Amino acid sequence: MATPVSLDSLSAALAAAQDPLSGREFGAKALRDLRLEGGRARFALELGYPARSQHEAISQVLTQAARTVPGVDGVEVSFQLQVVPHAVQRGLQPLPGVKNIIAVASGKGGVGKSTTSANLALALAAEGAKVGLLDADIYGPSQPMMMGLSGRPQSEDGKTMDPLMGHGVQVMSIGFLVGQDQAMVWRGPMATQALEQLLRQTKWHDLDYLIVDMPPGTGDIQLTLSQRVPMTGAVIVTTPQDIALLDARKAVSMFEKVGVPILGLVENMAVHVCAQCGHAEHVFGEGGGKRYAAERSIAYLGALPLHIAIREQADGGRPTVVAEPEGTLAGLYKSVARQVGVAVAARAKDYSAKFPTITLSKNT
């Protein structure tokens, strides 16, 4: 007669299994509705980050863990995504309708920051999250073209604007409000005020992540944004070139000074592979971003190639992640997105909603 399977033993084995993405144990709190039917274990696994493309690999890890318990011969697991708000800079409150704001910055222009921002947002959405994208470059908005969007935002209440939808992502940009050829001849304070209005007067709808495509540089606008916008963290985009790294260092320093954690560094245009002969050439140098990340103990999120398809797809309004969702290049962006999601999930949670609001009046 077979020995009955202990649910406690099974729960312990599953909880001790190592998450292949975070490198940590899943833990008992991640298991939901664990039950046994014959020799099969059925349960839901709650993840704090999106990883739809990795569900099968995670299932295999859990199956192996379950089979270490005598009497268990299989696993049926469903997945639940539960992204929660995480801590932001001291003194700031999370934005309504947005759980986590992630800045994508470079310190300089021309390194592919906007293309990376668009594909990061789309990759997070492809992995299962609810995502928004804010084009914070007042002087040179590019996300309307990259996301294939045009037209003006609508307002139901006359106070807030509804974001436009592009490939399943909520998008807002000054480019929706001004003519394509109109130059924004504004001084810094005006541009900063306009950007804050875009951020706070947009009616974001229940976002897990809002990706902010930061304007290039580390001047007044960037610093003010970093101080006033409640950010969970920042992703730095650079090329391997020494000149680009000089400015990436400044961006890192700026975020550190205002208390925004660096979630990781992306090395863009890391290598060019000739479409005709397959020769790989490091046009902008080799490994500079990776060495800098190691030097500063910053997570290295990966290298993206200098590839004509990435440029053509972004210019055509269908960035790589949606143009070729199963392609190698989209896979690289999805890998970056999963690492960003895991890094956010590892941050301290936001507990501001747990505390009651205290009001004082003359009558009390």
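In what follows, the accompanying structure is described. On a predicted model such as this, the values are computed, not experimentally measured, just so you know.

### Some thoughts on the sheet that holds strand β1 (residues 31–37)
Strand order in the open sheet formed by 3 strands is β1-β2-β3, and the pairing between neighbours is mixed. This sheet does not close on itself; its edge strands, each paired only once, are β1 and β3 (74–81). Put simply, the sheet's adjacent strands are angled 15° from each other on average, direction ignored. Across the sheet, helix α1 (residues 7–15) touches β1 and β2 (40–47), and the angle it forms with β1 is around 130°. Relative to β3, helix α2 (residues 55–66) is tilted by about 135°, and along the sheet it contacts β2 and β3.

### Focus: the side chain of Gln143
Here Gln143 shows up in helix α4 (residues 143–146). Separated by 3.1 Å, the side chain of Gln143 and the backbone oxygen of Ser114 make a polar contact. Ignoring sequence-local partners within four residues, the contact set of Gln143 consists of Ser114, Ser117, Ala118, Leu133, Asp135 and Asp213.

### A short note on helix α9 (residues 308–315)
When we look at burial in α9, the residues that qualify are Ala309, Ile310, Gln313 and Ala314. What you see down the axis of α9 is that its buried residues fit within an arc of 125°, all on one side. Of the surrounding elements, those touching the buried residues of α9 are α3 (113–126), α4, α10 (320–323) and α11 (328–345). Downstream of α9 by a residue or two, Gly317 has a phi angle that is positive, lying close to 80°.

### Topic: the packing of helix α7 (residues 242–257) against helix α8 (residues 288–295)
One way to put it is that α7 packs onto α8 with a least axis distance of 11 Å and a crossing angle of 35°. The two elements α7 and α8 cross, and the hand of that crossing is right-handed. Contact with α7, carried on its side by Leu245, Arg249 and Val252, involves Gly288, Gly289, Tyr292 and Glu295 of α8 and no other residues of that element. In the contact of α7 with α8, the residues fall into 3 nonpolar, 2 polar and 2 charged.

### A closer look at α3
Look at α3: 20 Å from first C-alpha to last across 14 residues, which is about the 20 Å you get at 1.5 Å a residue. Taken across its 14 residues, α3 has 13 buried, putting it largely inside the fold. Among the residues trailing α3, Gly128 stands out with phi positive, at a value near 120°.

### Re the environment of Ala299
Assignment of secondary structure puts Ala299 in the loop between α8 and β13 (300–303). Exposure remark for Ala299: the relative accessible area of 40% places this residue in the partly exposed category. Taking C-alpha positions, Ala299 is 23 Å from Gln82, a pair spaced 217 residues apart along the chain. Once you skip the residues sitting within four places of it in the chain, Ala299 turns out to touch Leu263, Gly264 and Leu265.

### Concerning the sheet that holds strand β6 (residues 164–166)
Across the sheet, 8 strands lie side by side as β6-β7-β5-β8-β4-β9-β10-β13; this open sheet has mixed pairing. Each of the sheet's edge strands pairs with one partner strand only, and the pair in question is β6 and β13. Each neighbouring strand pair of the sheet contributes to a mean axis angle of 25°, computed without reference to strand direction. Packing against the sheet, α7 makes contact with β4 (101–105), β9 (233–238) and β10 (262–267), and its axis sits at approximately 170° to β9. Sitting on the sheet, α11 is in contact with β4, β8 (209–213), β9, β10 and β13, with an inclination near 175° to β13.

### Describing unusual backbone geometry
One non-glycine residue, His167, lies in positive phi territory at about 55°. Considering the arrangement of structural elements, one finds His167 in the loop between β6 and β7 (169–173). Of the residues examined, His167 reaches a relative accessible area of 31% and is grouped as partly exposed. Notably, Met269 is not glycine yet its phi reads approximately 55°, a positive angle. By the element assignment, Met269 lies in the loop between β10 and β11 (272–273). Residue Met269 is classed as buried on the basis of its relative accessible area of 15%.

### Some points on the pattern of salt bridges
On inspection of all chains with the given rule, the structure shows 15 salt bridges. The partner of Arg249 in a salt bridge is Glu295, with the nearest N and O atoms 3.2 Å apart. Highlighted residues: Arg249 in helix α7 and Glu295 in helix α8, separated in sequence by 46 residues. You can call Arg249 partly exposed: its relative accessible area is 34%. Salt-bridge contacts for Asp315 lead to Arg311; the nearest nitrogen and oxygen are separated by 3.2 Å. Of this pair, Asp315 and Arg311 both sit in helix α9, separated by 4 residues, roughly a single helical turn.

### Some remarks on the side chain of Glu127
Here Glu127 lies in the loop between α3 and β5 (131–135). Among the polar contacts made by the side chain of Glu127, one reaches the side chain of Ser53 at a distance of 2.7 Å. Discounting chain neighbours no more than four positions away, the residues touching Glu127 are Pro50, Ala51, Arg52, Ser53, Lys334 and Arg338.

### A few points about the packing of α3 against α11
Interaxial distance between α3 and α11 falls to 8 Å at its minimum, and their mutual angle equals 75°. Judged by the inter-axis angle, α3 sits roughly perpendicular to α11. Within the contact between the two elements, α3 uses Thr115, Thr116, Asn119, Leu120, Ala123, Leu124 and Ala126 and α11 uses Tyr333, Lys334, Val336, Ala337 and Val340. The residue inventory of the contact of α3 with α11, partitioned by class, reads 8 nonpolar, 3 polar and 1 charged.

Calculation rules
- Residues numbered from 1 in each chain as written.
- Predicted model: local features only at pLDDT ≥ 70, side-chain atom pairs only at ≥ 80, totals over all residues.
- Heavy atoms only, no water.
- Pairing = 2+ DSSP bridges.
- Helix = DSSP H or I, 4+ residues; strand = E, 2+ residues; numbered from the N terminus.
- Axes fitted to C-alpha atoms, helices over the stretch in contact; angles between N-to-C directions.
- Contact = heavy atoms within 4.5 Å.
- Polar contact = N/O pair within 3.5 Å; in protein donor to acceptor, adjacent residues only side chain to side chain.
- Buried < 20%, exposed > 50% of the residue type's maximum accessible area, 1.4 Å probe, protein only.
- Arc of directions from axis to C-beta.
- Left-handed = near helix turned anticlockwise from the far one by under 90°.
- Nonpolar A, V, L, I, M, F, W, Y, C, P; charged D, E, K, R; others polar.
- Expected span 1.5 Å × (residues − 1).
- Salt bridge = Lys/Arg side-chain N within 4 Å of Asp/Glu carboxyl O.
- Parallel < 35°, antiparallel > 145°, perpendicular 65-115°, else oblique.

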